[in-house]
Amino acid sequence: MTALPAQWLEKDRRKLRVEEAAIGDRVYEIITAVCALIIPALVVAIAVAIFAAAWPAFAKLGLSIVTSSNWDVAGGHFGAAPALFGTLVSSAVALIIATPLAIGVAIFLSEFSPSWLRQPVGFLVDLLAAIPSVVYGLWGIFVLIPLLREQVMPFLRDTLHLGATPLFSGPAYGPSMLAAGLILAIMALPYISAVAREVLLAVPRSQREAALALGATRWEMIRDAVIPYARSGIIGGIMLGLGRALGETMAVTMVIGNRPEISASLFAPGYTMASLIANEFSEATNDLHLSALMAVGASLFVITLLVNAVARWLVWSVSRGRAK
Amino acid sequence: MIGLTYLSAILATLPLILILAHLVQKGASSLSLAFFTHMPQPVGEAGGGMANAIVGTLVLIGTASLMGLPIGIGAGLYLAEKRSTPLAYTVRFLSDVLNGLPSIVIGIFAWEFLVRPIGHFSALAGGLALGAMMIPLVTRTTEEMLLVVPTSLREAALALGYPRWRTSISVVLRTALAGIATGALVAVARIAGETAPLLFTAFGNQFWSTSVREPIAALPLQIFTYAISAYDEWHRQAWAGALVLIAMVLIISIAARFVTRSRFGAPVD
């Protein structure tokens, strides 16, 4: 047996190494692609599973699931209109309170804050997003609700005479749409302010300098040059906060009072879609009940999906200009 | 107007300070060693703790991480390397969709998939529901951290004859490791306090259990049950539980910031 010339062996070995690398690359690519594909698969699976489970209810009850306000498990009526109403109103209250604050903080952090304050304040606001919602709920039950019942509600109704308007009339129970809106405002605030801060920082320096060069004060610069430029991104941030608020479950369930009624007063207890599911799902008595709750979940899925898609698109449309 | 922005900064940080103050004030008095080592007591009996719920939460976090971390990091690698393929755009968008889904929706999905067919609640179902919530968070931060790694590093490794997969794992991933660890910790902190996805999956358990096939207690679930109960003793336990939970979450969140800082000097902007 004659030995092969050394350079042949060397060549073989190198070829082998290249082949090995090619196999490794292939395996690596497949593994990462599978990981990436799990995400769409999961989203599709969630959509299919929930809509399939909701189908019997949609087929039997049609749109009355979201238009009727008669939720009577024993009688087989499943109208979740009060929950839909509560979800929309509590989120609207939350945004009305959180938006000005969040934009204020974002402007403070991006424009006025002394540099030593920027990090700590930003961190504290971000931490609001880290507090578990059940802790917000606990705080809501034992601190916020007594405060609302004994101080804030009487003050709004009697001292400010807002009781004449339907929004602030009626007895002050405590657990109420107002309590849910306030808790949701605190929870949505860090999301809105994080996005707003990001898009404000993405506004080009030239935009600011041009305004200052034209003789604008700092505030005029922000009002006329910075905010208009960042507007759609800020709206995107608000929508992201809205998406969070719409789907929030625990904190709201703990403070809203869980009463399926539509009332004009913010002092009255209400219900939301998420809390309806949380309260009744594990005690669903029959298949239609379960399916109706799935239908509520499916509606929530669609609403949050739409809100988030619009939000992402708005934020993206502003931040893509950032690299320039 | 400038004053108003200062005011909103104060108002925005106020709730956090108030909540933390109340937690410490009401929680600390009910907190004792027994809280960590004892089981919950029946109604009416004083004392007791949440040992099973604390361990249960750790089991759930572990299960969730086993699912969420590898898939999230793998997907992040894919997105960072195939940045502008149609699939990458789709995955990125759907990852945002998944991130925006209400946690209760994830909960009923996990129930439909993992509880209904099996016939009983389990820690596994709860852990996987939390894992599904982790995936988009980990994916997003992994991708962002990988994009910060200079191309020259990757090119240098390739020029030395490293295969592409070795380059990605030993050079690019390693360089970004601190950032990815931050992302992982943030994701863990976020799911540690989740309650809604556990309501119909892990369900809670009055007894000691660490099996993933059985229903398991969890700190957030226990806090919820105690908070909406009518007993003062349970309320005190709920505050103590909340204090432990928030301490856990804050320590993880703050650790996450320091992991990045020690590596890069300051958080990457």
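Residues numbered from 1 in each chain as written. Chains lettered and ligands numbered in written order. Predicted model: local features only at pLDDT ≥ 70, side-chain atom pairs only at ≥ 80, totals over all residues.

**Q** Would you take a moment to explain the environment of Ala47(A) for this structure?
**A** Positionally, Ala47(A) belongs in helix 1 (residues 6–61). Residues Ala47(A) and Phe301(A) lie 254 residues apart in sequence; the distance between their C-alpha atoms is 8.0 Å. (Helix = DSSP H or I, 4+ residues; strand = E, 2+ residues; numbered from the N terminus.)

**Q** Is there a simple way to explain the environment of Ile228(B) in this structure?
**A** Residue placement: Ile228(B) occurs in the loop between helix 10 (219–227) and helix 11 (232–264). The spacing of Ile228(B) and Ala238(B) is 10 residues in sequence and 9.4 Å in space, taken between C-alpha atoms.

**Q** Is there a simple way to think about the domain arrangement of chain A in this case?
**A** Accessible area lost upon the coming together of the parts is a frequently used measure of interface size. Residue and element names in this part refer to chain A. Domains assigned within chain A are domain 1 (1–61) and domain 2 (81–323). Taken together, the contact pairs 10 residues of domain 1 with nine residues of domain 2. Taken together, the residues of the side of domain 1 that touches domain 2 sort by class into nine nonpolar, no polar and one charged. (Domains from an automatic or database assignment. Contact = placed C-beta atoms within 7 Å. Nonpolar A, V, L, I, M, F, W, Y, C, P; charged D, E, K, R; others polar.)

**Q** What should I look at first to understand the interface of chain B and chain A in this one?
**A** On the side of chain A, 63 residues touch chain B, which itself brings 63 residues to the contact. Elements represented by at least two residues in the side of chain B that touches chain A include exactly helix 1 (2–28), helix 3 (51–81), helix 4 (86–100), helix 5 (103–115), helix 6 (123–148), helix 8 (164–175), helix 10 and helix 11 of chain B. Per element, the largest residue contribution to the side of chain B that touches chain A is 13 residues, and it comes from helix 1 of chain B. Among the residues forming the side of chain B that touches chain A, the class breakdown is 46 nonpolar, 14 polar and three charged.

**Q** How should I be thinking about unusual backbone geometry in this particular structure?
**A** The phi torsion of most residues other than glycine is negative, and most of the peptide bonds are trans. Residue and element names in this part refer to chain A. One non-glycine residue, Asn258, lies in positive phi territory at about 50 degrees. Structurally, the position occupied by Asn258 is in the loop between helix 9 (250–255) and helix 10 (273–280). C-beta crowding within 10 Å serves as the criterion here: with 21 such atoms nearby, Asn258 is assigned to the buried category. (Buried ≥ 20, exposed ≤ 12 C-beta atoms within 10 Å, placed from the backbone.)

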